[in-house]
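Notes for the structure review
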Amino acid sequence: MERMTIEGIAAASSDALLGDYDVVIIGAGPAGLSAGIYASRAGLDCAILEKGVAGGQVLTSLNIDNYPGFPEVSGMKLMESMAEHARKYVEIKEGEEVIRVRGGEKFEITTPSGRYAARALILATGGMHRKLEVPGEEDMIGKGVSYCATCDGFFYKGKEVVVVGGGNTALTDALHLESIGCKVTIIHRRGQFRADRHLQDSVSQRGIPVLWDTIVEEIVEGEGVTAVRLKDLKTGKSELKKTDGVFVAVGELPSSQLAAELGLEMDPGGFIIVDKSFRTSVPFVYAAGDVAGGIRQIVAAVHGGAAAALACFEDLMNPYYRR
Ligand code: NAP
């Protein structure tokens, strides 16, 4: 890894050095916010860099009913509270996309506005939507293909839509779309959902039709999406189904480009490998939340962020109980 001193970082860049921290946390979803609270409270000088707004993907969840202490809360509300809590302790720099990280005596973190230096890094970069990778999908993004029912569902009120997938996201999306007046069909590649039982029960109570053992082969383009070509995996037959919108909910891929730049060990799916303290394979780099895989729940991300921050504190400060 290229080594660079703090003076070197400043000299090598015409951009100002915007901050020099004990730890920089990348990503302000549940893992990053939790890491910020724990790192700051432990006495580490830290900042959170977030490419968008604080909250991460949870912001788009209409309803969350499995985060302890909040029997029913919108993703927006939960994450606003979490961000407000974090801001009591740590600065969250929003709109600061990290475009490069380099290791060395200090880590150098580059964003379009400049550079930061840090003794340690916590990666909480989350994930991105997996695509179906079928003809028509890429062309029709925003013109009938969506990865966010909460964001785009409203435009399909009264129209026919399909939701592709069989996990918690697909069923939550289908229930949301049905509740706002869309005519929804779920398309799932197997004969069984992997979603939680209570979501499966709600889907069957609401009478949402499901096409089992079926895959989407093509999204048919006209003026917007006009149909999907479906293949029944049991019979092998393909046919067109008319639809105005396709909501893709087939899981997540980790946002691990920065991890790759740092040479962190990753599993075959691209998730960062961490130990039980959320240390990665590179000293002073930690990872938590969806980018580190696992059960990918808010509660797990919050745990990971806290544990990563505490491991970082131990490594940087070498407290008496570890000597
Ligand atoms: P997921 O649990 O990974 O489910 C993805 C679904 O898409 C699976 O049913 C999978 O089918 C299907 N799929 C994957 N690739 C496909 C392809 N190329 N073509 C067709 N279908 C494909 O993803 P998720 O539902 O987005 O959930 C992600 C994580 O967030 C999970 O841990 C989930 O529990 C969590 N989450 C939780 C909640 C909640 O607790 N309320 C809400 C949303 C998400 P197979 O089943 O055949 O593999």
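Fair warning: this is a prediction, and the values are worked out from it, not measured in the lab.

This part is about the packing of helix α2 (residues 30–42) against helix α8 (residues 298–317). Two numbers describe how α2 lies on α8: the axes approach to 7 Å, and their chain directions differ by 35°. Crossing angle aside, the handedness with which α2 passes α8 is right-handed. On α8, the residues touching P30, A31, S34, A35, Y38, A39 and A42 of α2 are I298, A301, V302, G305, A306, A309, L310 and F313. Across the contact of α2 with α8, the residue classes tally to 13 nonpolar, two polar and no charged.

Around the ligand there are 18 residues in total, and N66, T169, R190, R194 and Q297 lie nearest to it. One of the side-chain nitrogen or oxygen atoms of N66 is found 2.7 Å away from an oxygen atom of the ligand. Within the side chain of R189, a nitrogen or oxygen atom sits 2.9 Å from an oxygen atom of the ligand. Here the ligand loses 79% of its free accessible area of 910 Å² to cover by the protein chains. The class makeup of the residues in the shell around the ligand is four nonpolar, nine polar and five charged. Among the domains, domain 1 (6–128 + 252–322) and domain 2 (131–248) are the pair contributing at least three residues each to the shell around the ligand.

About the cut-offs
- Residues numbered from 1 in each chain as written.
- Predicted model: local features only at pLDDT ≥ 70, side-chain atom pairs only at ≥ 80, totals over all residues.
- Heavy atoms only, no water.
- Axes fitted to C-alpha atoms, helices over the stretch in contact; angles between N-to-C directions.
- Helix = DSSP H or I, 4+ residues; strand = E, 2+ residues; numbered from the N terminus.
- Left-handed = near helix turned anticlockwise from the far one by under 90°.
- Contact = heavy atoms within 4.5 Å.
- Nonpolar A, V, L, I, M, F, W, Y, C, P; charged D, E, K, R; others polar.
- Near = heavy atom within 4 Å.
- Polar contact = N/O pair within 3.5 Å; in protein donor to acceptor, adjacent residues only side chain to side chain.
- Areas by Shrake-Rupley, 256 points an atom, 1.4 Å probe, with all protein chains shown as cover.
- Domains from an automatic or database assignment.

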